[in-house]
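Each chain is listed here by its residues.
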Amino acid sequence: MEAAQSQEQSAPGAFTAFARFVLCGGGVGVASSFAVAALASWIPWVLANALITAVSTLLATELHARFTFGAGGRATWRQHMQSAGSAAAAYAVTCVAMFVLQQLVAAPGAVVEQVVYLSASALAGVVRFAVLRLVVFARHRSRTATTARTTRPVPATVTGTPAPVGPAALCRAA
């Protein structure tokens, strides 16, 4: 019972979870943007983005399970798969943003590419936060809350022998 209550207490509120999401996801995202830029000098940008997105999604999902949403342990395969779905959407957003940039600017500089990539990633990140909090990691919180509610101790009723009735019985009882 104490474990269920401590897990319930460790699930952060929306503001705290968002701050942690920004710290973990944003840190991984910034590192990923530099990794994509570096890897894109060797292989096509779309492939570099796909590889870095896959690796960063695995890392970020573990961080979110352990730290951001207070799941209390490693992410399950189901959570990884659901998170991968939201990451695929984020990948599409970053690809579209970079494609639009390439259509609008013939030879964008590295700074402009980083600004566009990080802006698209930030927009996709806000949507991912909502999906992860409300769908991917929500089951754990609701199951924990239900367990905590159903395992609270029920007040016991005291049963015993009936009280003695009458003055003679009361004297003997004393």
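Heads up: the structure comes first, above all this text.
It should be emphasised that the depicted structure is a prediction, and the values quoted were computed from it without experimental measurement. (Residues numbered from 1 in each chain as written. Predicted model: local features only at pLDDT ≥ 70, side-chain atom pairs only at ≥ 80, totals over all residues. Heavy atoms only, no water.)

Quick question: what am I supposed to make of the layout of surface pockets here?
One simple way to see leftover space: roll a probe sized like a water molecule over the atoms. By volume, the largest pocket amounts to about 540 Å³. In this structure, the largest pocket is lined by 28 residues; those nearest its centre are Gly25, Gly29, Ser121, Ala122 and Gly125. If you list the elements that add at least two residues to the lining of the largest pocket, you get helix H2 (14–39), helix H3 (45–68), helix H4 (77–104) and helix H5 (110–136). With nine residues, H2 is the single largest residue contributor to the lining of the largest pocket. (1 Å grid on protein atoms, 1.4 Å probe; cavity = no way out; pocket = protein on both sides within 12 Å on 5 of 7 lines; lining within 4 Å. Points joined across faces, edges and corners; volume = space filled by probe spheres on them. Helix = DSSP H or I, 4+ residues; strand = E, 2+ residues; numbered from the N terminus.)

Explanation requested: the packing of H4 against H5 in the structure shown.
Helix-helix packing is described using two parameters, namely the angle between the two axes and the distance between the axes. Interhelical geometry of H4 versus H5 gives an angle of 155° and a closest axis separation of 9 Å. Classified by the angle between their axes, H4 and H5 sit roughly antiparallel to one another. Judged by the sense of rotation from one axis to the other, the crossing of H4 with H5 is right-handed. For the pair H4 and H5, contact is made by Gln79, Gln82, Ser83, Ser86, Ala87, Ala90, Val93, Thr94, Ala97, Met98, Leu101 and Gln102 and by Val112, Glu113, Val116, Tyr117, Ala120, Ser121, Ala124, Arg128, Val131, Leu132 and Val136, respectively. (Axes fitted to C-alpha atoms, helices over the stretch in contact; angles between N-to-C directions. Parallel < 35°, antiparallel > 145°, perpendicular 65-115°, else oblique. Left-handed = near helix turned anticlockwise from the far one by under 90°. Contact = heavy atoms within 4.5 Å.)

In this structure, what is going on with the packing of aromatic side chains? I would like to understand it.
For any pair of aromatic rings, the description consists of the separation of the ring centres together with the inter-plane angle of the planes. All told, the structure shown has six aromatic pairs when counted by the stated rule. With a centroid separation of 5.0 Å and 85° between ring planes, the pair formed by Phe18 and Phe129 is classed as edge-to-face. Taken together, the residues Phe18 in helix H2 and Phe129 in helix H5 connect sequence positions 111 residues apart. A relative accessible area of 11% places Phe129 in the buried class. Here the aromatic residues Phe18, Phe21, Phe69, Phe129 and Phe137 are joined through ring pairs into a cluster of three or more. Over the ring of Phe67 we find Arg20; its NZ or CZ atom is 4.9 Å from the centre of that ring. (Phe/Tyr/Trp six-rings, centres within 6.5 Å; stacked < 30°, edge-to-face > 60°. Buried < 20%, exposed > 50% of the residue type's maximum accessible area, 1.4 Å probe, protein only. Lys NZ or Arg CZ within 6 Å of the ring centre and 35° of its normal.)

So, to be careful, I would describe these as geometric facts and stop short of saying anything about function.
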